[in-house]
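This is what each chain is made of:
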Number of protein chains: 2
Amino acid sequence: MSDTFYIVPEAQHNALVVAAYRHRGFSQEEAEAAARFSAHASRHGIRTHNAIKALHLDHLFGSAAGGCKPCAEIEKKPSRFAASETWNANRKLGQATAYAAMDTAIELADKYGIGQVSVDNAFHYLWGGGYVMEAASRGYIAYTNCTAALAEVVPFMGKFPTLGTNPHSWGFPTTDAVGFPLVVDWATSVVAMGRVQQFAREGKQLPAGAAVDKDGKPTTDPTEVAALTTFGAHKGYGLSLINELVGAFIGGSLPTLRSRWQKQPEEKHTPAFYFQVIHPEAISGGDFALGRDQAANVQAVLADVLGHGNESCILPGQIEADAAKRSDAAGGLLFSKAEIDAFNEIAHECGEPAWRLDAFAVAKDA
Amino acid sequence: MSDTFYIVPEAQHNALVVAAYRHRGFSQEEAEAAARFSAHASRHGIRTHNAIKALHLDHLFGSAAGGCKPCAEIEKKPSRFAASETWNANRKLGQATAYAAMDTAIELADKYGIGQVSVDNAFHYLWGGGYVMEAASRGYIAYTNCTAALAEVVPFMGKFPTLGTNPHSWGFPTTDAVGFPLVVDWATSVVAMGRVQQFAREGKQLPAGAAVDKDGKPTTDPTEVAALTTFGAHKGYGLSLINELVGAFIGGSLPTLRSRWQKQPEEKHTPAFYFQVIHPEAISGGDFALGRDQAANVQAVLADVLGHGNESCILPGQIEADAAKRSDAAGGLLFSKAEIDAFNEIAHECGEPAWRLDAFAVAKDA
């Protein structure tokens, strides 16, 4: 990277994030969940979902806009299905809700081999990969999807954005096999709208097939973009629809009204979350070749995939694992000057002392 | 379609398919599962996985090659996880195994809200979409994946094929909402190897980014193709890896050895299956806008997605549902002359009377 990165101790980062959320009326427990999550994202190099972004989204759609309710209590619905829970999050902070839901799904998987928690009336949980990565680090196969905040993506062959960027996130407990959890995690659009805005600022063209203009015609000019398209044509479209369907079965309402609280107040406007955890022992047939155990078998399969001339390929999750190694080697979270400036705006908002740039060590090879 | 299609009564089709499987040593129950499955595929217009293809694959990789064992018994492994079963299929016919596994996953979902059946030592189940479509028609959310028979696909940025075409199939119970079950079902490669061979025969070029040559370089010339690529670059690669990982956790062995029984006999060579069923009530929060019930909410969400100028978009599963309508209107399964010729080769193999082309009515608008 060409940017200079400054090493911010995680405790210092977390203290500011907690103060910022407390200042906006969130409980100590919610503020700590938000700090834990953004530290986890920053440690893994996820700059698009750090605390700055989280607080910005909270301002746009969350506690300032009614989409998120500080100190909300989760209501667990009665269920006749032992391995399943459905929750009404009452618009509680997404990070706190997601951590609790994943913990519950893990408890269900411990008992039943597989467990699911569906969450209605949710608020944006930011980066699904973070939750499945943690669950995978604890030894579980984990999955989550959500309906994204805004309809920005056109259906395959369509003209008008009626789908969210609807991400899917899968995590696998592969630390014994390859040193880190494998995390498959992406939006179902080719690019995010933030990327379009970045390209517009930088005067760059988008890749072909990533966006359409106001008439639904393909465009690579970021200033002409009215909506995004799904990756892999009809295949990404199907994957995006899955989130809308799961959301609709849970209780989500029309995607074009999502987060648009001023429109049709008689409808719902919240996203929905879905979490699922599988205990790896519950899918083991116990019959691995050459007397291998399950972890050794997973290792052998991945070595085969990345062998035979494919040694320069990487596994999903590798980039994030490498970023975490750099953070750990530096002894803190790595932020650019622009990011530290943004943290200082946050500090100003909540009356905390500013961070002094010259108080931070500079990372050598971030 | 420009081909002429002949209407073959389903009973006549099924009788021949049963006779063909019985002739190869399969039990009556297995032969009936194979006939039921291929009738279902043909009724829905799935010409790539009809009985002709099924018997051809059985010849190449199955009962003639050792990959499939007629009259094998499924061994259900003991499990401490109530919502999970793991089976050793002992290379039983894939269609019979898959039907039984999906039935069991449905029973588990009825009790626990979600259930999973993992199958080791399996043999090709042909078209995953067929099983999830049936489960969705019965009112369930269903999912399956498998590791494909051969490693034909290179990892993202790789050179050598170490992944199968590894399909994913999801079915949703949307018949009340839109008239048919929504089925998202595709391979994780851009195209299938069969399509490459077809393009080579027809002298056509492949779409860009679908295949590589023997040096791992992209090519659109079907005669130069050494391996396929994943759809959506790293995103399809991640989806393909999921099948290898799930297979590896279940008990599958190295992908480059799969179905290649002559290589390293001390390893395993079988694919693995994974089935999962969710009871839609188990994910319902019960709080749908405007007093809608769950089905009405799903209908409203899908109407929103396909509204606003997107009326010409179709839902995944629509093409198959339309094909089933045409079959039902015709009163039988629709086959071309070339397909009926192939059925007559099958009839010859197992000593059944040939089908007379002039005995079949011609479909008016297939």
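Along each chain, numbering runs from 1 in the same order as the chain's sequence is written. Chain labels run from A onward and ligand labels from 1 onward, assigned in the order the entries are written. In keeping with the predicted nature of the model, local features appear solely for residues at pLDDT of at least 70, side-chain atom pairs appear and are counted solely at 80 or more, and the whole-chain, interface and lining totals rest on all residues. Only heavy atoms go into the side-chain values, all of them from the structure, while hydrogens and water stay out.

Colleague: Please explain the pairing of strand β7 (residues 182–186) of chain B as it appears in this structure.
Modeller: Each regular strand shows side chains that alternate between the opposite faces of the sheet. All names here are of chain B. Judged by how many residues are buried, β7 sits mostly within the fold: 4 of 5 residues are covered. Note on pairing: DSSP must find at least two bridges between two strands before they are called paired. Secondary structure elements follow DSSP: runs of H or I of four or more residues count as helices, runs of E of two or more count as strands, with numbering from the N terminus. In terms of strand pairing, strand β6 (residues 168–172) meets β7 through 5 bridges, oriented antiparallel. Within β7, the residue paired with G171 across the bridge is V183. Any residue under 20% of the maximum accessible area for its type is buried, any over 50% is exposed, and the rest in between are partly exposed; the area is computed with a 1.4 Å probe on protein chains only.

Colleague: Just checking my understanding: could you explain the pairing of strand β3 (residues 84–88) of chain B for this structure?
Modeller: Residues and elements named next belong to chain B. In terms of burial, β3 is largely enclosed, as 4 of its 5 residues are buried. In this sheet, β3 lies alongside strand β2 (residues 75–76) in antiparallel orientation, the contact comprising 2 bridges. Its bridge partner lying in β3, K76 is registered against W87. Pairing between β3 and strand β4 (residues 114–120): 5 bridges, direction parallel. The residue of β4 that forms the bridge with S84 is Q116. Of the crossover connections in this fold, the one passing from β3 over helix α4 (residues 94–112) to the parallel β4 is right-handed. When the strands point away from the viewer, a crossover counts as right-handed if the path from the first strand over the helix to the second runs clockwise.

Colleague: Quick question: what am I supposed to make of the interface of chain B and chain A here?
Modeller: Reports of interface size often rely on the accessible area that becomes lost once the parts have come together. Each partner contributes residues to the interface: chain B has 95 residues there, and chain A has 95 residues. By buried area we mean the combined loss of accessible area, with a 1.4 Å probe, across both parts when two parts are placed together. Note on chain B versus chain A: buried area summed over both sides is about 7,300 Å², and carbon and sulfur give 65% of it. Between Lys or Arg on one side and Asp or Glu on the other, a salt bridge is scored when a side-chain nitrogen of the former is within 4 Å of a carboxyl oxygen of the latter. There are 6 salt bridges connecting chain B and chain A. A salt bridge links D287 of chain A to K268 of chain B, with the shortest nitrogen-to-oxygen separation between them at 3.4 Å. Those elements that provide at least two residues to the side of chain B that touches chain A are β3, α4, β4, β6, β7, α8 (234–250), β10 (273–278) and α9 (294–305) of chain B. A total of 14 residues in the side of chain B that touches chain A trace back to one element, the largest contributor, which is α8 of chain B. Residues are sorted three ways: Asp, Glu, Lys and Arg are charged, Ala, Val, Leu, Ile, Met, Phe, Trp, Tyr, Cys and Pro are nonpolar, and all the rest, Gly among them, are polar. In terms of residue class, the side of chain B that touches chain A is built from 50 nonpolar, 30 polar and 15 charged. Note on contacts: a residue pair qualifies if any of its non-hydrogen atoms lie within 4.5 Å across the two residues.

Colleague: What should I look at first to understand the packing of aromatic side chains in this one?
Modeller: Centre-to-centre distance and the angle between the planes together describe a pair of aromatic rings. By convention, a stacked pair of Phe, Tyr or Trp rings (six-membered ring in the case of Trp) has centres within 6.5 Å and planes under 30 degrees apart, an edge-to-face pair has planes over 60 apart, and any other such pair is tilted. Inspection of the entire model under this criterion finds 36 aromatic pairs over all chains. Plain terms: the ring middles of Y21 of chain A and F26 of chain A are 5.3 Å apart, the flat faces sit at 65° to each other, and that makes the pair edge-to-face. Consider the rings of F37 of chain B and Y99 of chain B, whose centres lie 6.2 Å apart with planes at 65°: the pair is edge-to-face. Taken together, the residues span a long stretch of sequence, with F37 of chain B in helix α2 (residues 28–43) and Y99 of chain B in helix α4 at a distance of 62 residues. Residue F37 of chain B is classed as buried on the basis of its relative accessible area of 1%. A residue is classified by how much of its surface remains accessible, and Y99 of chain B, at 7% relative accessible area, is buried. Three or more aromatic residues joined by ring pairs make a cluster, and in this case those are Y143, W170, W186, F231 and Y274 of chain A together with Y143, W170, W186, F231 and Y274 of chain B. The ring of Y99 of chain A carries the charged tip of R36 of chain A above its face, separated from the ring centre by 3.4 Å. Between K204 of chain A and the ring centre of F199 of chain A, over which it is positioned, the NZ or CZ distance is 5.7 Å. Two limits define a charge over a ring: the Lys NZ or Arg CZ must be within 6 Å of the ring centre, and within 35 degrees of the ring normal.

Colleague: So what exactly am I meant to see when it comes to the sheet that holds strand β5 (residues 141–146) of chain A here?
Modeller: Two strands in a sheet stick together by hydrogen bonds in their backbones, pointing the same way (parallel) or opposite ways (antiparallel). Within the open sheet, the 7 strands sit side by side as β2-β3-β4-β10-β5-β6-β7 (chain A). Their pairing is mixed. One side of each edge strand has no neighbouring strand; the edge strands of this open sheet are β2 (75–76) and β7 (182–186) of chain A. Judged from the 4 bridges that link them, β5 of chain A and strand β6 (residues 168–172) of chain A form a sheet pairing that is antiparallel. Looking at the pairing, Y143 of chain A lines up with W170 of chain A of β6 of chain A. For helices, the fitted axis covers only the stretch in contact; all axes are lines through C-alpha atoms, and the angles between them, taken along N-to-C directions, range from 0 to 180 degrees. On top of the sheet, helix α4 (residues 94–112) of chain A reaches β2, β3 (84–88), β4 (114–120), β5 and β10 (273–278) of chain A; it is set at about 155° to β4 of chain A, its chief contact. Sheet strands in contact with α8 of chain B are β5, β6 and β7 of chain A, and its direction is about 145° off that of β7 of chain A.

Colleague: What is the right way to read the pattern of salt bridges from this model?
Modeller: Think of it this way: side chains of opposite charge can pair up when their charged atoms draw near. Enumeration according to the criterion identifies 34 salt bridges over all chains in this entry. Among the ionic pairs, E134 of chain A bridges to R36 of chain A, the shortest N-O distance being 2.7 Å. Here R36 of chain A lies in helix α2 (residues 28–43) and E134 of chain A lies in helix α5 (residues 128–137), a separation of 98 residues in the sequence. The partly exposed category is assigned to R36 of chain A, whose relative accessible area is 36%. With a closest N to O distance of 2.9 Å, K92 of chain B and E30 of chain B form a salt bridge. Residue K92 of chain B is found in the loop between β3 and α4, and its partner E30 of chain B is found in helix α2; the two are separated by 62 residues along the sequence. Here the two residues K92 of chain B and E30 of chain B agree in accessibility, since each one is buried. Residues joined in a network through salt bridges with shared partners are R24, D58 and E349 of chain A.

Colleague: Honestly, the sheet that holds β3 of chain B in this entry has me stumped. Any pointers?
Modeller: Residue and element names in this part refer to chain B. Pairing within the open sheet is mixed, and its 7 strands lie in the order β2-β3-β4-β10-β5-β6-β7. Edge strands, defined here as strands with exactly one partner in the open sheet, are β2 and β7. Across the sheet, helix α5 (residues 128–137) touches β5 (141–146), β6 and β7, and the angle it forms with β6 is around 15°.

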